[in-house]
Amino acid sequence: MSAGAPRSLASSGQKSIQDMCHPLSAQESALSPGRAADKDLILPNGTPVDTSSPASSSSLLNRLHLDDDLDGETRDLFVTVDDPKKHVSTMETYITYRVCTKTSRTEFDLPEYSVRRRYQDFDWLRNKLEESQPTHLIPPLPEKFVMKGVVDRFSEEFVETRRKALDKFLKRVADHPVLSFNEHFNAFLSAKDLNKRQGLALLTKMGESVKFVTGGYKPRARPAEFAAMGDYLDLFTPKLGTIDRIAQRIIKEQSEFLMELREYGPVYSSWSSFEEDLHDPLEGVSGCVSNCSSALEELTEDMSEDFLPVLREYVLYIESMKNVLKKRDQVQAEYETKLEAVVFREDKKTPVPTDVEKCQDRVECFNADLKADWDRWENNKRQDFRQLLTGMADKNIQYYEKCLAAWESLIPLLQDKQEAEGETS
């Protein structure tokens with residue numbers, strides 16, 4: 001992000017759960033409207049959309065075989081977000097992004113898709129994933145709202161930062177072994193028309209049941225492993241906040257120093273025009289300051305565009321993980337409530353009701369899904385922060401090397417000046 005005025009805007013996944021009916025997310029077909037047929041899927045434009053294309057005799061021959069070996073997994077779904085465009089109408093001004101998909105999955109009729117989406121479409125997708133996959137950790141989106149007067153949401157820098165965040169969001173979903181097979185994700189990648197009008201998406205019955213179960217009842221206690229997750233998140237949050245505040249202070253100080261350097265360099269250039277004997281050394285100092293300014297500007301941009309967004313993403317990730325833990329607690333509370341009712345009943349010979357057994361299955365499935373997503377999140381976090389910190393270390397080394405090279409270029413000029421003065425004396 002340049003220190004000057006902002007400029008105006010000119011993956012993979014394997015299906016690990018094949019045909020298994022998930023006790024929490026799909027107990028009955030009636031709980032998941034839209035699963036009976038793709039054409040019943042309700043999209044943000046408020047109308048049903050059929051995501052399938054007419055079958056063609058060459059569709060199978062045209063499918064791509066996309067292999068990318070990563071940690072023993074074979075990628076068959078690649079998604080990218082690029083080409084932001086500004087749209088101006090009488091009612092609103094907004095940005096759309098091109099979403100390109102390449103896949104060899106049989107759920108898609110074509111091997112490639114290219115559609116345009118705006119932020120609210122990404123938001124719709126995430127809400128749908130939360131509703132239809134309540135046991136899983138859904139990757140976060142960048143915040144929708146920007147404080148007025150602080151950031152121009154149509155500036156090139158802001159749009160590019162958001163594009164990177166949206167691209168990472170889709171890649172994380174595409175990398176997930178369950179979320180990547182979600183029907184709403186399929187529709188988002190392949191359906192052409194999502195922007196005619198924005199309608200409110202209705203909550204699924206499953207999402208409602210998970211959200212409002214058990215009323216105000218709280219579970220006795222989380223199992224030790226989930227309690228440890230909550231404790232870790234409580235400790236990790238303030239540490240991220242501290243790093244974020246320090247990083248922003250560093251960026252502010254670097255920006256202020258950069259403004260002073262930009263004023264400092266031209267002074268030597270102006271001075272050289274009045275000092276014939278010192279012309280070359282003074283011009284050399286001016287050039288050194290200019291080179292140091294460019295190096296500092298690049299370092300500040302890297303911190304603003306690469307370092308801070310990762311910190312903010314993980315702050316949002318923590319919020320998402322805490323929400324999933326709360327949902328797990330609600331399901332556990334529901335199970336404990338029903339189990340207590342069975343324990344205190346008068347007729348001890350009656351077998352355990354089926355709904356109690358189903359509720360127990362839901363708790364077990366929630367636990368399994370959450371632990372799997374936690375492990376995936378931990379691996380991603382280690383990789384992301386390793387790349388982030390080593391990258392920033394490299395950037396700082398490069399910055400000081402550029403500054404050192406700039407000042408070393410002055411040595412020949414000063415030596416020549418000293419030699420000239422020695423000959424004169």
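Note that the structure is a prediction, hence the values are computed from the model and not measured. (Residues numbered from 1 in each chain as written. Predicted model: local features only at pLDDT ≥ 70, side-chain atom pairs only at ≥ 80, totals over all residues. Heavy atoms only, no water.)

Below, the discussion takes up the packing of aromatic side chains. Taken as a whole and judged by the stated rule, the model has 15 aromatic pairs. Each ring, one from Tyr 232 and one from Trp 377, has its centre 6.5 Å from the other, and the planes form 80°; the classification is edge-to-face. One end of the pair, Tyr 232, is in helix H6 (residues 224-272); the other, Trp 377, is in helix H8 (residues 354-408), with 145 residues separating them in the sequence. For Tyr 232, a relative accessible area of 30% corresponds to the partly exposed category. Relative accessible area serves as the criterion here: at 2%, Trp 377 is assigned to the buried category. With centroids separated by 5.5 Å and ring planes inclined at 40°, the aromatic side chains of Tyr 314 and Tyr 317 adopt a geometry described as tilted. Taken together, the residues Tyr 314 and Tyr 317, both in helix H7 (residues 279-343) and 3 residues apart, mark about one turn of the helix. Judged by its relative accessible area of 0%, Tyr 314 is buried. Above the face of the Tyr 94 ring, Arg 118 is positioned so that its terminal group lies 3.9 Å from the ring centre. Directly above the ring of Phe 226 sits Arg 328, whose terminal nitrogen or CZ lies 4.7 Å from the centroid. (Phe/Tyr/Trp six-rings, centres within 6.5 Å; stacked < 30°, edge-to-face > 60°. Helix = DSSP H or I, 4+ residues; strand = E, 2+ residues; numbered from the N terminus. Buried < 20%, exposed > 50% of the residue type's maximum accessible area, 1.4 Å probe, protein only. Lys NZ or Arg CZ within 6 Å of the ring centre and 35° of its normal.)

So, about the environment of His 279. With respect to the element layout, His 279 can be found in helix H7. With relative accessibility at 34%, the residue His 279 sits in the partly exposed group. When the C-alpha positions of His 279 and Tyr 268 are compared, they lie 9.2 Å apart, and in sequence the two are 11 residues distant. Side chain to side chain, His 279 and Asp 280 meet in a polar contact 3.2 Å long. (Polar contact = N/O pair within 3.5 Å; in protein donor to acceptor, adjacent residues only side chain to side chain.)

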